[in-house]
There are 4 protein chains.
Amino acid sequence: MASKTPVGFIGLGNMGNPMARNLVKHGYPVVVYDVFPEACKEFQDLGAQVTESPADVAERADRIITMLPSSPHAQEVYTGGNGILKKVKKGSLLIDSSTIDPSVSKELAKAAENMGAVFMDAPVSGGVGAALAGNLTFMVGGVEQEFNAAKELLTCMGSNVVYCGEVGTGQAAKICNNMLLAISMIGTAEAMNLGIRLGLDPKLLAKILNMSSGRCWSSDTYNPVPGVMEGVPSANNYQGGFGTTLMAKDLGLAQISATNTKTPVPLGSQAHQIYRMMCAKGYAVKDFSAVFQFLREEESL
Amino acid sequence: MASKTPVGFIGLGNMGNPMARNLVKHGYPVVVYDVFPEACKEFQDLGAQVTESPADVAERADRIITMLPSSPHAQEVYTGGNGILKKVKKGSLLIDSSTIDPSVSKELAKAAENMGAVFMDAPVSGGVGAALAGNLTFMVGGVEQEFNAAKELLTCMGSNVVYCGEVGTGQAAKICNNMLLAISMIGTAEAMNLGIRLGLDPKLLAKILNMSSGRCWSSDTYNPVPGVMEGVPSANNYQGGFGTTLMAKDLGLAQISATNTKTPVPLGSQAHQIYRMMCAKGYAVKDFSAVFQFLREEESL
Amino acid sequence: MASKTPVGFIGLGNMGNPMARNLVKHGYPVVVYDVFPEACKEFQDLGAQVTESPADVAERADRIITMLPSSPHAQEVYTGGNGILKKVKKGSLLIDSSTIDPSVSKELAKAAENMGAVFMDAPVSGGVGAALAGNLTFMVGGVEQEFNAAKELLTCMGSNVVYCGEVGTGQAAKICNNMLLAISMIGTAEAMNLGIRLGLDPKLLAKILNMSSGRCWSSDTYNPVPGVMEGVPSANNYQGGFGTTLMAKDLGLAQISATNTKTPVPLGSQAHQIYRMMCAKGYAVKDFSAVFQFLREEESL
Amino acid sequence: MASKTPVGFIGLGNMGNPMARNLVKHGYPVVVYDVFPEACKEFQDLGAQVTESPADVAERADRIITMLPSSPHAQEVYTGGNGILKKVKKGSLLIDSSTIDPSVSKELAKAAENMGAVFMDAPVSGGVGAALAGNLTFMVGGVEQEFNAAKELLTCMGSNVVYCGEVGTGQAAKICNNMLLAISMIGTAEAMNLGIRLGLDPKLLAKILNMSSGRCWSSDTYNPVPGVMEGVPSANNYQGGFGTTLMAKDLGLAQISATNTKTPVPLGSQAHQIYRMMCAKGYAVKDFSAVFQFLREEESL
């Protein structure tokens, strides 16, 4: 343990905080930075070095993990005036676990390469609970030879680390999955709602779908209809889970990637719009399965 | 076996033919009718009584199964000038395995009730292969006390007979399942296509989706991308399977049911339109997973 | 004037009432019926004969106009147990101004023909205001030789009477127009909303659209953005005008017609779903231009 | 005329060529650049200075117009290694007539401002014909005080120069108009197609729409149905006009702007997908009104 060299961690929000703590638990000395200084406080108490900027982190650690809310944040942290790349050491390993536009990941990888460093994208699936429990899934894109080095760190925070291909493919895998998830969740909500209005019992309908070709994760593991399953957000007024705003954000990334690659995504695009409308109508902080509630309300006439 | 009373069977097309043969195999004497007299020929050779009209069938059998292509056909066969109800015996059991508008099933049930007969809707899932093998799934709607009587016959043709509730709920279950199926198939095609264009290997992407929240029957059992799985239509130039025209028909029924019950089905409705456009563009007889091919072709510029 | 023979009028609701009053103003003796007896009261005071059923109307008048809320109502009034066709006189002219499924219009025309009567569909465009002012537009389908006879009556209630073709084409023209109207209204709301968020002044944007290829009735005559125009529902909190529920109903008819004729209508179908969701979200009684309000609200996060 | 100072022009493609020629016609000495040297040849013959790079143009002219195919091209021409901003003179006026992402226009304006220059976005409406005839419409965004200086040049190439507001609003106006145009064109194609299938004569239906609330530029000026109007692409097998690929590109920009501003655009988004599918199905070089043809073909079954 004593031989472990320090690992930088930038972005100590809801997800980054438990991820960095899991690194500490596994015996890694950490060097942290967050735009909100108070976010670093508890890591200081845990013995971490607290720094003033991403560039400072890069000066003190040659393996850095970043967990940031969006593409512009990632661009600022890597290529900004006090960004990592200002002081990155040659041969450093930079792992970005943010969910961002894959074309931005590629940009950052090229900029890192120019400085002699290696950049990998490694977005996660699984929410705050999985981050706390250390069983996130990481989808990793980047140079294959560096995958093992990345995996060593990522397995401290996740139970599943999947190599996806060249830089950007980690992001690609994540947004493709989430786009399909959104589509099948809305589809499940529509099918359950239609069946109920046609006189079917919701539990029976779910059972029929789950033994038929309509079966999907949204119908059999995360059913959006209250009363069908326990332990899911629909059983708890759509609290917790994966927020509608976050789903809208990921669908926006899918949309931008599809537009840039001229790929038709008619349902993905419509799913994006539906989550966008839900955000505009007060569902922003509810779990994304609340689309059932959004669709079902009675006509006033 | 000798004690078995005759069973009527009307509609000896691609599906009805093997279904009726399975009844014969189970030792039931059958009384058949089809608008195309030649369709009855082979049943005559098997010892079946061939009749001139649905009314004739009703005269000779008090249990009748119908398998017809659409709502108007079903209306004609039950309530037309030479329809079943013209000569139906009191207490007869009428089982309609056609996939039709559930509101038409309700209409026919009422008309049957007026004549002292019982009508149940029992649409199937599974195609010609399952009909031949006798392992269709039947989704049955109607008076619960009659379910066992219906099940006795249906188990000769299917391995799975599910009671869904009052008349029309068999249809409801089927169209809800198929609507969700269409949505998740198109979603799978979009997600796979987007991922491929973003640089992911199709097999790897399918593997990632299938261990994640995007998992669905269309991704793990019937993947639409050639080369990902064997033994599915996408491995065979989209031949066989469940035709695009049939999917478009079922989505049309879902659409009509949703319109009649004022249920919003934004993705179901869009899926309907996509299969409609595919029919207009030469995909009518291909398997419905050919939506991957419909979406993927390269831009000409 | 004295020589005018009586005209039957069935359906004295918001639209039917002023239409029938305009017939009276033009000197026609009227014979009325409505399911709500109180709706007939004021016509009794005007000298009209009040009857007990549609069949009664048919007994006393050989020209009858019907104005009903939906296809099933029209079917009941024409072909029900006490319907017009029970006692219709040979050679009667039956004009249905309801907005219904064109295939139902055809059905009723055939039933009327069997009784020796002539049925024409003549749905209206223009709301209660136009009905009061007597300047509705009638779109008329039916046998061309009878058009002049129909026109004589319809010109008492409308300023524009257009012959569209065989039976059902009046309905077809209306639902095609309203489908395009809904699409361009939602499109206008989206374009205005997007422009405003991108920093454009709404009045300036409307001006630019109206002198460009985006120009449409919804942008230049009925703009959905408050403050852009006066005298339209958007200037009055979306009160008055053409209700969202009515638009959803017409789009439902378009949907059913498109499904029956296997016509792809991807945007018409999506417009239907959007108005359906608006009905579920409290916009049912607002003018259909309130789609701008439905789309614009701020994200809560 | 002799006193006119040189004007730079970068991007001499289908649109840029006739625009630059119109500047020459109005007596402006021009300094040109294009990535394809042969594109400059004919301007040399007209007496223009031909340069080696955008930076060279900026050295020799303090008013520059750019006409480029996409955001990345514009970024390269302005901020690339040999870009305009490398050698731009203080006080220069830079007018970009490309259609690009408004957020890129804002970026470029900021970069120009840092060098003491003024950047305005001035995308055009009207195609090659209007460029040749010098009657384009320019939608101009940027500092209001500079609008007259820009207008002096733009009126040589267009008949209509509209000030839209701060930088980026020219682009915003253009993409909002084109998004609404695409929506109403598809809507017109759907409504006409549905009406025809329901038995209406196309010319009569167009006439009814155009006197009703469905009226729009696509129905009354550029009708997509062959035989309804003369002198439009639908009368000429959808040749000429505004290509499907270009419309798909503009809808992509609308999509990206909507995603960035979190604006719901459900129909705009669907229109984008439809034009995307058309590009994938062989319609890329046809006029965008060919969506009628895309939707109408007969079912093969």
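As the structure is a computational prediction, the values presented were derived from the model and not from experiment.

## A few points about the overall build of chain A
At step 1: Of regular secondary structure, chain A possesses 14 helices and 9 strands.
At step 2: Scaling as 2.2 N^0.38, a compact globule of 301 residues should have a C-alpha radius of gyration of about 19 Å, and chain A matches this with 21 Å.
At step 3: With respect to the principal axes defined by its C-alpha atoms, chain A has extents near 65 × 45 × 35 Å.
At step 4: For chain A, with 301 residues in total, the buried portion stands at 64%.
At step 5: Across chain A, every contact between residues at least 6 apart in sequence was considered, and the portion connecting residues at least 24 apart equals 63%.
At step 6: When the accessible surface of chain A is split by element, carbon and sulfur atoms take 51% of a total near 10500 Å².

## A few points about the relation of the copies chain B and chain A
At step 1: Overlay of chain B on chain A (RMSD 0.1 Å): rotation 180°, translation along the axis 0.0 Å. Given the turn and translation reported, the copies of this chain are related as if by a two-fold rotation axis. Residue Cys216(B), judged by its C-alpha, is the member of chain B lying nearest the rotation axis, at 2.0 Å.
At step 2: Both copies contact each other with a shared surface, as 100% of the interface residues of chain B are interface residues in chain A too.

## As for the domain arrangement of chain A
Residue and element names in this part refer to chain A.
At step 1: Segmenting chain A into domains produces domain 1 (7–166) and domain 2 (172–295).
At step 2: A separation of 30 Å is found between the C-alpha centroids of domain 1 and domain 2.
At step 3: Tallying the contact residues gives 11 residues for domain 1 and 10 residues for domain 2.
At step 4: Both sides together, the interface formed by domain 1 and domain 2 hides about 760 Å², and carbon and sulfur atoms give 62% of it.
At step 5: There are 0 salt bridges connecting domain 1 and domain 2.
At step 6: Linking domain 1 to domain 2 there are 4 residue pairs in polar contact (both at pLDDT 80 or more).
At step 7: Partitioned by chemical class, the residues of the side of domain 1 that touches domain 2 number 7 nonpolar, 3 polar and 1 charged.

## Here we look at the pattern of salt bridges
At step 1: Summed over the entire model, instances satisfying the criterion amount to 16 salt bridges over all chains.
At step 2: The partner of Arg21(B) in a salt bridge is Glu42(B), with the nearest N and O atoms 2.1 Å apart. With Arg21(B) in helix H1 (residues 16–25) and Glu42(B) in helix H2 (residues 38–45), this pair connects stretches of sequence that are 21 residues apart.
At step 3: For Arg21(B), a relative accessible area of 32% translates into the label partly exposed.
At step 4: Taking relative accessible area as the criterion, Glu42(B) reaches 32% and is therefore assigned partly exposed.
At step 5: A salt bridge links Asp220(D) to Arg215(C); the nearest nitrogen and oxygen atoms lie 3.1 Å apart. A residue pair is termed interchain when its members come from two chains, as with Asp220(D) in helix H11 (residues 217–220) and Arg215(C) in the loop between helix H10 (202–210) and helix H11 (217–220).
At step 6: Judged by relative accessible area, Asp220(D) falls into the partly exposed class, the value being 25%.
At step 7: For Arg215(C), a relative accessible area of 17% gives the class buried.

## Thoughts on the interface of chain B and chain A
At step 1: Listed per partner, the contact involves 59 residues of chain B and 59 residues of chain A.
At step 2: Approximately 5100 Å² of surface area, both sides summed, lies buried where chain B meets chain A, with 69% of it carried by carbon and sulfur atoms.
At step 3: On the chain B side of the contact with chain A, Leu180(B), Leu198(B) and Leu267(B) bury the most area, a combined 13% of that side's loss.
At step 4: Linking chain B with chain A are 2 salt bridges.
At step 5: Among the elements of the structure, strand S9 (158–165), helix H9 (169–197), helix H10 (202–210), helix H11 (217–220), helix H12 (244–260) and helix H13 (266–280) of chain B are those that each provide at least two residues to the side of chain B that touches chain A.
At step 6: Here the element with the most residues in the side of chain B that touches chain A is H9(B); it accounts for 20 residues.

## Concerning the pairing of strand S4 (residues 63–66) of chain B
Residues and elements named next belong to chain B.
At step 1: Residue alternation in S4 divides its side chains into two sets, Arg63 and Ile65 and Ile64 and Thr66, and both sets are buried.
At step 2: For S4 and strand S5 (residues 93–96), the ladder comprises 4 bridges, and the chain directions are parallel. Among the inter-strand pairings, Thr66 is bridged to a residue of S5, identified as Asp96.

## Here's the deal with the UniProt feature "domain: 3-hydroxyisobutyrate dehydrogenase-like NAD-binding" (unreviewed entry) in chain A
At step 1: In the numbering used here, UniProt assigns the feature "domain: 3-hydroxyisobutyrate dehydrogenase-like NAD-binding" (unreviewed entry) to residues 168–294 of chain A.
At step 2: Within the segment residues 168–294 of chain A, helix and strand shares are 61% and 0% respectively, and the terminal C-alpha atoms sit 34 Å apart.

## Things to note about the UniProt feature "active site" (unreviewed entry) in chain A
Residue and element names in this part refer to chain A.
At step 1: As annotated in UniProt, the feature "active site" (unreviewed entry) corresponds to Lys174 in the numbering used here.
At step 2: The exposure class of Lys174 is buried, given its relative accessible area of 10%.
At step 3: Contacts of Lys174, omitting those with residues within four sequence positions, involve Thr99, Pro123, Val124, Met139 and Asp250.

## Observations concerning unusual backbone geometry
At step 1: The backbone of Lys262(B) shows a phi angle near 55°, a positive value even though the residue is not glycine.
At step 2: Tracing the chain through its elements places Lys262(B) in the loop between H12 and H13.
At step 3: Given a relative accessible area of 34%, Lys262(B) falls into the partly exposed group.
At step 4: Located in the positive-phi region is Tyr238(C), a residue other than glycine, with phi close to 60°.

## Observations concerning the environment of Ile64(D)
All names here are of chain D.
At step 1: Structurally, Ile64 is set in strand S4 (residues 63–66).
At step 2: Under the relative-accessibility criterion, Ile64 is labelled buried at 1%.
At step 3: When the C-alpha atoms of Ile64 and Leu93 are compared, they prove to be 6.4 Å apart, with 29 residues separating the residues in sequence.
At step 4: Residue contacts for Ile64: discarding those within four places in its chain leaves Gly8, Ile10, Val57, Ala58, Ile84, Leu93, Leu94 and Ile95.

## Structural notes on helix H10 (residues 202–210) of chain D
At step 1: Taken together, the buried positions of H10(D) are occupied by Leu204(D), Leu205(D), Ala206(D), Ile208(D) and Leu209(D).
At step 2: In this fold, the buried residues of H10(D) make contact with strand S8 (136–141), strand S9 (158–165) and helix H9 (169–197) of chain C together with helix H9 (169–197) of chain D.
At step 3: Put simply, Asp201(D) is the residue that caps the front of H10(D), since its side-chain oxygen is 3.2 Å from the backbone nitrogen of Lys203(D).

## Digging into the state of the cysteines
At step 1: This structure, assessed with the given rule, holds 0 disulfides over all chains.
At step 2: Looking at the unpaired Cys216(B), the closest cysteine sulfur is the one in Cys216(A), lying at 6.3 Å.

## Focus on the environment of Ile256(C)
At step 1: On the secondary structure map, Ile256(C) appears in helix H12 (residues 244–260).
At step 2: The buried category is assigned to Ile256(C), whose relative accessible area is 14%.
At step 3: Remark: the alpha-carbon pair of Ile256(C) and Leu68(C), spanning 188 residues in sequence, is separated by 19 Å.
At step 4: Filtering out sequence-adjacent residues up to four positions away, Ile256(C) remains in contact with Ile256(B), Thr259(B), Asn260(B) and Asp101(C).

## Here's the deal with the side chain of Asp96(D)
Residue and element names in this part refer to chain D.
At step 1: Residue placement: Asp96 occurs in strand S5 (residues 93–96).
At step 2: Put simply, Asp96 is tucked away with no salt bridge, and the nearest opposite charge, on Lys249, sits 9.2 Å away.
At step 3: Of note is the side chain of Asp96, whose polar atom sits 2.5 Å from the side chain of Ser98.
At step 4: Residue contacts for Asp96: discarding those within four places in its chain leaves Thr66, Ala74, Tyr78, Phe119, Met120, Asp121, Ala122, Pro123 and Gln171.

## What to know about the packing of aromatic side chains
Two aromatic rings, taken as a pair, are described by how far apart their centres are and by the angle between their planes.
Residue and element names in this part refer to chain A.
At step 1: One pass over the full model with this rule turns up 28 aromatic pairs over all chains.
At step 2: Between Tyr275 and Phe288, the ring centres sit 6.4 Å apart and the planes meet at 45°, which makes this aromatic pair tilted. Residue Tyr275 is found in helix H13 (residues 266–280), and its partner Phe288 is found in the loop between H13 and helix H14 (291–296); the two are separated by 13 residues along the sequence. With respect to burial, Tyr275 and Phe288 carry one shared label: buried.
At step 3: Through a chain of ring-to-ring contacts, the aromatic side chains of Trp217, Tyr222, Phe242, Tyr275 and Phe288 assemble into a single cluster.

## Quick word on the packing of helix H9 (residues 169–197) of chain A against H13(B)
When two helices pack together, you describe them by how their axes are tilted relative to each other and by the distance separating the axes.
At step 1: The contact between H9(A) and H13(B) brings their axes to 8 Å, and the two run at 105°. When the axes of H9(A) and H13(B) are compared, the pair comes out roughly perpendicular. Listed contacts from H13(B) to Ile183(A), Ile186(A), Gly187(A) and Glu190(A) of H9(A) are Pro266(B), Leu267(B) and Gly268(B).
At step 2: Within the contact of H9(A) with H13(B), the residues separate by chemical class into 4 nonpolar, 2 polar and 1 charged.

Cut-offs and rules
Residues numbered from 1 in each chain as written. Chains lettered and ligands numbered in written order. Predicted model: local features only at pLDDT ≥ 70, side-chain atom pairs only at ≥ 80, totals over all residues. Heavy atoms only, no water. Helix = DSSP H or I, 4+ residues; strand = E, 2+ residues; numbered from the N terminus. Rg over C-alpha atoms; globule rule 2.2 N^0.38 Å. Buried < 20%, exposed > 50% of the residue type's maximum accessible area, 1.4 Å probe, protein only. Contact = heavy atoms within 4.5 Å. Areas by Shrake-Rupley, 256 points an atom, 1.4 Å probe, with all protein chains shown as cover. Least-squares fit on C-alpha atoms with pLDDT ≥ 70 in both. Domains from an automatic or database assignment. Buried area = accessible area lost by both parts, 1.4 Å probe. Salt bridge = Lys/Arg side-chain N within 4 Å of Asp/Glu carboxyl O. Polar contact = N/O pair within 3.5 Å; in protein donor to acceptor, adjacent residues only side chain to side chain. Nonpolar A, V, L, I, M, F, W, Y, C, P; charged D, E, K, R; others polar. Pairing = 2+ DSSP bridges. UniProt positions renumbered as here; feature names shortened; annotations may be inferred. Disulfide = S-S within 2.5 Å. Lys, Arg positive; Asp, Glu negative; His and termini not counted. Phe/Tyr/Trp six-rings, centres within 6.5 Å; stacked < 30°, edge-to-face > 60°. Axes fitted to C-alpha atoms, helices over the stretch in contact; angles between N-to-C directions. Parallel < 35°, antiparallel > 145°, perpendicular 65-115°, else oblique.

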